[in-house]
Amino acid sequence: MHHTFTPNRRKTLKMFAGLPLLPLGAGVSAAGLLSACGGDDTPLAPSAPPAFKSARFTSMAAPTLANAAAMATTTVGSALEVTYADGSAQTYTLAYQPFFITGDRVADGQGGQLLAGGYYDIHNQPIMDTSVAGAERHFFSDAPDGTSLLTVPNAQVDGVKGKPVFAVVQFEYTTWAQDGKTDMYGKLPSPIAVLTLDQDQSTGKLSLVKYHNVDTSQVHGLWITCGASLSPWGTHLSSEEYEPDAFNASNAQLKAFSQNLYGNETTAKAYHYGHMPEVTVNPDGTASIQKHFCMGRISHELVQVMPDQRTALMGDDATNSAYFVFVADKEKDLSSGTLYAAKLGTGFSIDPAAGSAAPLSWIKLGHASSAEIEQLAGTLQPADIMTVVKTDPSDASFTKIVANGKTEWIKINPGMEKAAAFLETHRYAAFMGASMGFSKMEGTTVNAADKVAYSALQNCEKSMVTGDAANVPGNGIAIPKALKAGVVMALNLRGGQTDTAGSPIASDWMPVDTKALLAGEDIAADALGNTANPAKMANPDNLKFSEKLRTLFIGEDSSQHVNNFLWAYNVDTKQLSFHFHINRSIISMSPIPQGERHGKNSPRCRQSGVGPSNAGRRTDR
């Protein structure tokens, strides 16, 4: 997700970190789960209602200037209608409720308090905002983002009277220092917190008991954590997007990040950032973290691990991005495996009415363990891996590529293919012939029953458009004109695939083609200022699919809609309904966990990175 902002909207605002009320107790039905989303103390429906048959979301009307106040806050005016096998039906009202506002003091579970969303250096000491003399204060984030809600076997946390439920919340950035002038985007190490929530088992109501700041020092701190997902084994899969360019020695953002994290401008190494962190919650509400260096150094967005618990389809939020898949060597273990990038065949279109899907083939970039790539990241300089020049060297040993919207010529040093694959992944994938023409590839999710993955393209512009300087001729992505409102793509998943070298791919969940499922529509500005059709989704960002409800949830990160919306699309009825309105905000959804560690299979009506203060997120990064 990236982020253009209007300073007067962001200067004095704080951010909600919110979650819905979800009963995760054993034996609670999928329908019963949603009965607690209203945020009151109404008892749950009986634990054994008639067998579930189907469900649909009602649409709400978008707020207008007739009720301007509704346009300035988070608004929910829709419901979930559930039909049972015996013909009976029940309607559940949806609602939203925050736990705290970042910058508040919250309980640390040990009799003290912590600053919600607070930033910490490599020694876990508060990073101070000194931009206003005499008013120094602890920096805190105004942009919570990816969140996972989960349970842990045998959890015991002091102060919990019902059942402990945990929410892992990551904080993407803070926009300004308190002087309102100093841009802080990407200059602070992103914090991650574990919230211990006490769930009343008769009502489902969640109450914050404990806030734990995760120690990220052992993974070199975190860089711009954005979208997140819940792994099938119950861990929080984070992200580090917009990886710093290791060939940009004057990178002011990286220097400021290093100064705030380490106390000097030179300690932080570019190759330590742009990877996929994983957070494991402990039964006491604390957590550990590891960073998987073997999943490619890309602009990581929301990752989706497939039901085989080995195959991961990753969002790549960049100009000149690609489809990347990582296939782990072992189930439930992302610490080693094989990285692939897609080559797109003919017929690609962003028009849902287009005919056949465009085929995908897969280029093997390399196999590695996280440990060996982390070792390389800490010892290699960029010039040790490859040579990069900005003008044509008139040398046939160089390969012309387009990376980050700019044309370059690169040459891989002998024996450095593995380092290039995992530390210079975008450049190496382009070098190997992958289709590096997507723009703003965001969330991914999976419809396991139909073996279909979904991928959001927030904008279809720049590198996707024929004739644009960022477009790579011949890479299969060349739409005739930009569609800023974006599309959601559907990818069929199959086994028995081979890579472009003819070697078998050890996964039954590889994408084999891609086709537009839903598209936004650019319009001339209407009376409210919408530049995308408000009756359609615009700038899709995070995606989640509910197997039980057969529903794809689409959260917007839109500068084209005056207010951002959450959409529900039933893949069987093809009905698209709008049922959640946010004041220029981001929806960051996580699935209901499943099983003992993960609760029941049902959609979550929750929001992360929310509230009026999330207005005007950057769209120029």
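What counts, and at which threshold
Residues numbered from 1 in each chain as written. Predicted model: local features only at pLDDT ≥ 70, side-chain atom pairs only at ≥ 80, totals over all residues. Heavy atoms only, no water. Helix = DSSP H or I, 4+ residues; strand = E, 2+ residues; numbered from the N terminus. Buried < 20%, exposed > 50% of the residue type's maximum accessible area, 1.4 Å probe, protein only. Contact = heavy atoms within 4.5 Å. Areas by Shrake-Rupley, 256 points an atom, 1.4 Å probe, with all protein chains shown as cover. Arc of directions from axis to C-beta. Polar contact = N/O pair within 3.5 Å; in protein donor to acceptor, adjacent residues only side chain to side chain. Salt bridge = Lys/Arg side-chain N within 4 Å of Asp/Glu carboxyl O. Pairing = 2+ DSSP bridges. Axes fitted to C-alpha atoms, helices over the stretch in contact; angles between N-to-C directions. Phe/Tyr/Trp six-rings, centres within 6.5 Å; stacked < 30°, edge-to-face > 60°. 1 Å grid on protein atoms, 1.4 Å probe; cavity = no way out; pocket = protein on both sides within 12 Å on 5 of 7 lines; lining within 4 Å. Points joined across faces, edges and corners; volume = space filled by probe spheres on them. Nonpolar A, V, L, I, M, F, W, Y, C, P; charged D, E, K, R; others polar. Core = buried A, V, L, I, M, F, W, Y, C linked by side-chain atoms within 4.5 Å.

K.L.:
Would you mind going over the overall build of the protein with me for this structure?
P.N.:
The secondary structure content of the protein amounts to nine helices and 36 strands. Among the 621 residues that make up the protein, the fraction classed as buried is 60%. Contacts in the protein between residues at least 24 apart in sequence constitute 65% of all its contacts with a sequence separation of at least 6. In the form shown here, the protein has an accessible surface area of approximately 21600 Å², with 50% of it arising from carbon and sulfur atoms.

K.L.:
Explain the environment of Val 209 here, please?
P.N.:
Summarising the element assignment, Val 209 is placed in strand E13 (residues 206-213). Sequence spacing of Val 209 and Val 160 is 49 residues, and the spatial spacing of their C-alpha atoms is 6.9 Å. Setting aside its immediate chain neighbours within four residues, Val 209 contacts Ala 107, Asp 158, Gly 159, Val 160, Thr 196 and Asp 198.

K.L.:
Please explain helix H4 (residues 252-262) as it appears in this structure.
P.N.:
Of all the residues in H4, the buried ones are Gln 253, Leu 254, Phe 257, Ser 258 and Leu 261. Here the buried residues of H4 occupy an arc of 135 degrees about the axis, which is enough to place them on one side. For H4, the side-chain oxygen to backbone nitrogen distance between the N-cap and Gln 253 is 3.1 Å, and the N-cap itself is Asn 251.

K.L.:
Quick question: what am I supposed to make of the pattern of salt bridges here?
P.N.:
Where charged atoms of side chains with opposite charge meet at close range, the side chains can pair. For the structure on display, the rule yields 12 salt bridges. Linking Glu 81 and Arg 56 is a salt bridge whose minimum nitrogen-to-oxygen distance equals 2.7 Å. Linking Glu 81 in strand E3 (residues 79-84) with Arg 56 in strand E2 (residues 52-57), this pair joins segments that are 25 residues apart in sequence. Owing to a relative accessible area of 29%, Glu 81 belongs among the partly exposed residues under this scheme. In this structure, Arg 427 and Asp 245 form a salt bridge, with 3.2 Å as the shortest nitrogen-oxygen distance. Of this pair, Arg 427 sits in helix H8 (residues 425-431) while Asp 245 sits in the loop between strand E15 (236-237) and H4, placing them 182 residues apart in sequence. Residue Arg 427 is classed as buried on the basis of its relative accessible area, which comes to 4%. Exposure remark for Asp 245: the relative accessible area of 23% places this residue in the partly exposed category.

K.L.:
How should I be thinking about helix H5 (residues 370-379) in this particular structure?
P.N.:
Working note: α-helix, 3.6 residues per turn, so residues spaced by three or four point in the same direction. Turning to H5, its buried residues number three or more, namely Ser 370, Ile 373, Leu 376 and Ala 377. Projection of H5 onto a plane perpendicular to its axis shows the buried side chains occupying an angular sector of 125 degrees, all on one side. Its buried side turned inward, H5 meets strand E17 (287-292), strand E22 (333-344), strand E23 (358-369) and helix H7 (417-423).

K.L.:
I'm lost on the sheet that holds strand E26 (residues 406-412) in this one. Help?
P.N.:
Across a sheet, strands are paired by hydrogen bonds formed along the backbone, either parallel or antiparallel in direction. What the three strands build is an open sheet, ordered E24-E26-E25; its pairing is antiparallel. One side of each edge strand has no neighbouring strand; the edge strands of this open sheet are strand E24 (386-389) and strand E25 (399-403). This sheet shows a mean twist of 35 degrees between the axes of neighbouring strands, independent of strand direction. Pairing of E25 with E26, which is carried by five bridges, proceeds in the antiparallel orientation.

K.L.:
Would you mind showing me how to read the environment of Ser 394 here?
P.N.:
Assignment of secondary structure puts Ser 394 in the loop between E24 and E25. The exposed category is assigned to Ser 394, whose relative accessible area is 69%. Through-space distance from the C-alpha of Ser 394 to that of Trp 409 is 9.7 Å; in sequence the pair is 15 residues apart.

K.L.:
Got a minute to help me understand the packing of aromatic side chains in this structure?
P.N.:
Aromatic ring pairs are described here by two measures, namely the spacing of the ring centres and the angle between the planes. Under the criterion given, the structure shown has 11 aromatic pairs. Measuring from ring centre to ring centre gives 5.0 Å for Phe 257 and Tyr 273, while their planes differ by 75 degrees; the resulting arrangement is edge-to-face. You can see Phe 257 sitting in helix H4 and its partner Tyr 273 sitting in the loop between H4 and strand E16 (276-281), a full 16 residues away along the chain. According to the relative accessible area criterion, Tyr 273 is buried, its value standing at 0%.

K.L.:
Just to check I follow, could you spell out empty space enclosed by the protein for this structure?
P.N.:
Unoccupied space between atoms shows up once a probe the size of one water molecule is rolled over them. This structure, assessed with the given rule, holds five cavities of 30 Å³ or more. By volume, the largest cavity is sized at about 90 Å³. Split into classes, the residues belonging to the lining of the largest cavity amount to seven nonpolar, six polar and one charged.

K.L.:
What exactly am I supposed to notice about the nonpolar core here?
P.N.:
Proteins that are soluble and globular tend to have nonpolar side chains buried together. Met 295, Met 314, Phe 324, Phe 326, Leu 334, Leu 365 and Ile 385 are the most contacted members of the largest nonpolar core, which has 57 residues in total. Among the elements that line this core, the one with the most residues is H7, at five residues. Residues within four places of Ile 385 in sequence aside, it is in contact with Tyr 271, Leu 380, Ile 412, Asn 413, Met 416, Ala 419, Ala 420 and Leu 423. Counting residues in each nonpolar core, the second largest holds 35 residues, with Met 441, Val 446, Met 464 and Ile 505 among its members.

K.L.:
I would appreciate a short explanation of the pairing of E13 in the present structure.
P.N.:
Two faces, one strand: in a regular strand the side chains alternate between the faces of the sheet. Summarising burial for E13: six of the eight residues are buried, a large majority. The pairing of strand E12 (residues 192-199) with E13 spans seven bridges and is classified as antiparallel. Note on E13: the bridge partner recorded for Leu 195 is Tyr 211. Counted along the chain from E12 to the antiparallel partner E13, the turn is six residues long, and its residue Gly 204 has a positive phi close to 85 degrees.

K.L.:
Explain the side chain of Asn 413 to me, please; I cannot follow it from the model alone.
P.N.:
For Asn 413, the position within the fold is in the loop between E26 and H7. Setting aside anything within four residues of it in sequence, one finds Asn 413 in contact with Ala 383, Asp 384, Ile 385, Met 386 and Thr 387.

K.L.:
I tried to follow unusual backbone geometry on my own but got confused; where do I start?
P.N.:
Both trends apply: most residues other than glycine have a negative phi, and most peptide bonds are in trans. In this structure, Lys 332 is a non-glycine residue whose phi angle is positive, near 60 degrees. With respect to the secondary-structure elements, Lys 332 resides in the loop between strand E21 (324-330) and E22. The backbone of Asn 539 sits at a positive phi, close to 55 degrees, despite the residue not being glycine. Here Asn 539 lies in the loop between strand E32 (513-519) and strand E33 (540-546).

K.L.:
Would you mind going over the sheet that holds strand E4 (residues 89-93) with me for this structure?
P.N.:
The strand order across the open sheet built from three strands is E2-E3-E4, with neighbouring strands paired in antiparallel fashion. This sheet does not close on itself; its edge strands, each paired only once, are E2 and E4. Neighbour-to-neighbour, the strand axes of the sheet open up by a mean angle of 20 degrees, direction not taken into account. Relative to E4, E3 runs antiparallel, the two sharing five bridges. For Val 82, the partnering residue across the bridge sits in E4 and is Gln 90.

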